[in-house]
Amino acid sequence: MTQDELKRLVGQAAADYVKQHVPEGSVIGVGTGSTANCFIDAIAADRARYRGAVSSSEASTERLRGHGIEVFDLNQIDSLPVYVDGADEINALGHMVKGGGGALTREKIVASVAMTFVCVVDASKRVPVLGLFPLPVEVIPMAQASVARALTAMGGTPQARVRADGSPYVTDNGCTILDVRGLQILDPVAFETSVNQIPGVVTVGLFAQRGADLCLMGTTAGVEMTDYRN
Ligand code: 5RP
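Owing to the predicted nature of the structure, the values given are computational and were not obtained by experimental measurement.

1. Considerations on the state of the cysteines
At step 1: A full pass over the atoms with the stated rule returns zero disulfides.
At step 2: Not engaged in a disulfide, the cysteine Cys-119 finds its nearest cysteine sulfur in Cys-215; these two sulfurs lie 4.5 Å apart.
At step 3: By relative accessible area, which is 0% here, Cys-119 ends up buried.

Encoded structure:
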């Protein structure tokens, strides 16, 4: 199977999981990226079952609305039964690196109000140690250089993200992103705290303190489910 086929497989598996475990009339949390897109496409057939969704990016909002799914502002919602999103890397404890698509801040916010975080990935995202994928750090633009120096002192090699035309990448929140290479994140919970404490950091794309509760991983042998709550 190709990587795209594996993504479609887990997108459908997540839609089936949500249908089975989330009460009718619920508002569900929806992530960002190509795998999250497969989930959005897979719930479209069942859209009448849900009151709507809270989205983690403008891109996902557009896709949800394109399927006729109502998108709510998070401020209108007290809690979400589930949040479904992809990841760039996931380890054996359900800690993740996220933000390859630039939506890390809204993803972390929406995930924080969800009862269950369901991570949907293909098998290429499974790693023993986080850090091979460059760690995204969203920063307030005036602090980009000072945050980069602090991240260098922590052993990384930060580089400002740019668009294909060479212009600075700007997030949905009007901030910039440093992608940090050269890390071996042996204690993800502690590292998340350390990066969070650098003045000017909006969000680090390390999701360890609130990691995944479940992972649906697309493999050539089918969908593998891991429950980290056990
Ligand atoms: C976006 C993300 C994505 O979930 C992550 O980049 C994985 O994307 P994809 O499913 O396209 O591989 O964190 O900010």
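2. Here's the deal with the site of the ligand
At step 1: The full set close to the ligand counts 17 residues, and Ser-34, Thr-35, Asp-88, Gly-99 and Lys-125 are the nearest of them.
At step 2: Within the side chain of Ser-34, one N or O atom sits 2.5 Å away from an oxygen atom of the ligand.
At step 3: Here an oxygen atom of the ligand and a side-chain polar atom of Glu-107 are 3.1 Å apart.
At step 4: In isolation the ligand exposes 370 Å². Once the protein is present, 91% of that is buried.

3. Details of helix 3 (residues 58–66)
At step 1: Three or more residues of helix 3 are buried, namely Ser-60, Thr-61 and Leu-64. When helix 3 is viewed along its axis, its buried side chains cluster within an angular range of 105 degrees and face the same direction. For helix 3, the exposed residues set more than 90 degrees away from the buried face come down to Ala-59, Glu-62 and Gly-66.
At step 2: Where helix 3 ends, the next residue or the one after it, Gly-68, has phi of about 80 degrees, a positive value.

4. Quick word on the sheet that holds strand 4 (residues 80–85)
At step 1: Taken together, the seven strands give an open sheet; going across it, the order is 3-2-1-4-7-13-14, and neighbouring strands pair in mixed fashion. The outermost strands of the open sheet, each flanked by one partner alone, are strand 3 (71–72) and strand 14 (222–227).
At step 2: Pairing analysis gives two bridges linking strand 2 (residues 52–55) to strand 3, with the strands arranged parallel. By the bridge assignment, Ala-53 is partnered in strand 3 with Val-71.
At step 3: Along the sheet, helix 1 (residues 3–21) makes contact with strand 1 (27–30), strand 4, strand 7 (114–122), strand 13 (214–219) and strand 14, crossing strand 13 at roughly 145 degrees.

5. Things to note about the packing of aromatic side chains
At step 1: The final tally for this structure, using the stated rule, is one aromatic pair.
At step 2: With 5.1 Å between their ring centres and 90 degrees between their planes, Tyr-83 and Phe-117 make a pair best called edge-to-face. With Tyr-83 in strand 4 and Phe-117 in strand 7, this pair connects stretches of sequence that are 34 residues apart. Neither Tyr-83 nor Phe-117 differs from the other in exposure class; each is buried.
At step 3: The side chain of Lys-98 reaches across the aromatic face of Phe-207, ending 5.5 Å from its centre.
At step 4: The positively charged end of Lys-108 is found above the aromatic ring belonging to Phe-207, 5.0 Å away from the centroid.

6. A closer look at the sheet that holds strand 9 (residues 157–160)
At step 1: Read across the sheet, four strands follow the order 9-10-8-11 without closing on themselves; strand pairing throughout is antiparallel. Looking at strand neighbours, the two that pair on one side only are strand 9 and strand 11 (201–204), the edges of this open sheet. The sheet shows a mean angle of 30 degrees between the axes of neighbouring strands, taken without regard to direction.
At step 2: Across five bridges, strand 8 (residues 135–139) lies against strand 10 (residues 176–181) in antiparallel orientation. By the bridge assignment for strand 10, Leu-135 is matched with Val-180.
At step 3: Where helix 4 (residues 104–112) meets the sheet, its contacts fall on strand 8, strand 10 and strand 11, and the angle it forms with strand 11 comes to roughly 70 degrees.
At step 4: Across the sheet, helix 6 (residues 188–196) is in contact with strand 8 and strand 11; its angle to strand 11 comes to roughly 165 degrees.

7. A short note on the environment of Glu-24
At step 1: Tracing the backbone shows Glu-24 in the loop between helix 1 and strand 1.
At step 2: Spatially, the C-alpha atom of Glu-24 lies 37 Å from that of Cys-175, the residues being 151 residues apart in sequence.

8. A few points about the packing of helix 1 against helix 2 (residues 34–43)
At step 1: The interhelical angle for the contact between helix 1 and helix 2, taken along N-to-C directions, is 50 degrees, at an axis separation of 8 Å. Taken together, the axis directions place helix 1 and helix 2 in an arrangement best described as oblique. Along this stretch, helix 1 crosses helix 2, giving a crossing that reads as right-handed. For the pair helix 1 and helix 2, contact is made by Lys-7, Arg-8, Val-10, Gly-11, Gln-12, Ala-14, Ala-15 and Val-18 and by Ser-34, Thr-35, Cys-38, Phe-39, Ala-42 and Ile-43, respectively.
At step 2: Its residues assigned to classes, the contact of helix 1 with helix 2 comprises eight nonpolar, four polar and two charged.

Each value, and the rule that gives it
Residues numbered from 1 in each chain as written. Predicted model: local features only at pLDDT ≥ 70, side-chain atom pairs only at ≥ 80, totals over all residues. Heavy atoms only, no water. Disulfide = S-S within 2.5 Å. Buried < 20%, exposed > 50% of the residue type's maximum accessible area, 1.4 Å probe, protein only. Near = heavy atom within 4 Å. Polar contact = N/O pair within 3.5 Å; in protein donor to acceptor, adjacent residues only side chain to side chain. Areas by Shrake-Rupley, 256 points an atom, 1.4 Å probe, with all protein chains shown as cover. Helix = DSSP H or I, 4+ residues; strand = E, 2+ residues; numbered from the N terminus. Arc of directions from axis to C-beta. Pairing = 2+ DSSP bridges. Contact = heavy atoms within 4.5 Å. Axes fitted to C-alpha atoms, helices over the stretch in contact; angles between N-to-C directions. Phe/Tyr/Trp six-rings, centres within 6.5 Å; stacked < 30°, edge-to-face > 60°. Lys NZ or Arg CZ within 6 Å of the ring centre and 35° of its normal. Parallel < 35°, antiparallel > 145°, perpendicular 65-115°, else oblique. Left-handed = near helix turned anticlockwise from the far one by under 90°. Nonpolar A, V, L, I, M, F, W, Y, C, P; charged D, E, K, R; others polar.

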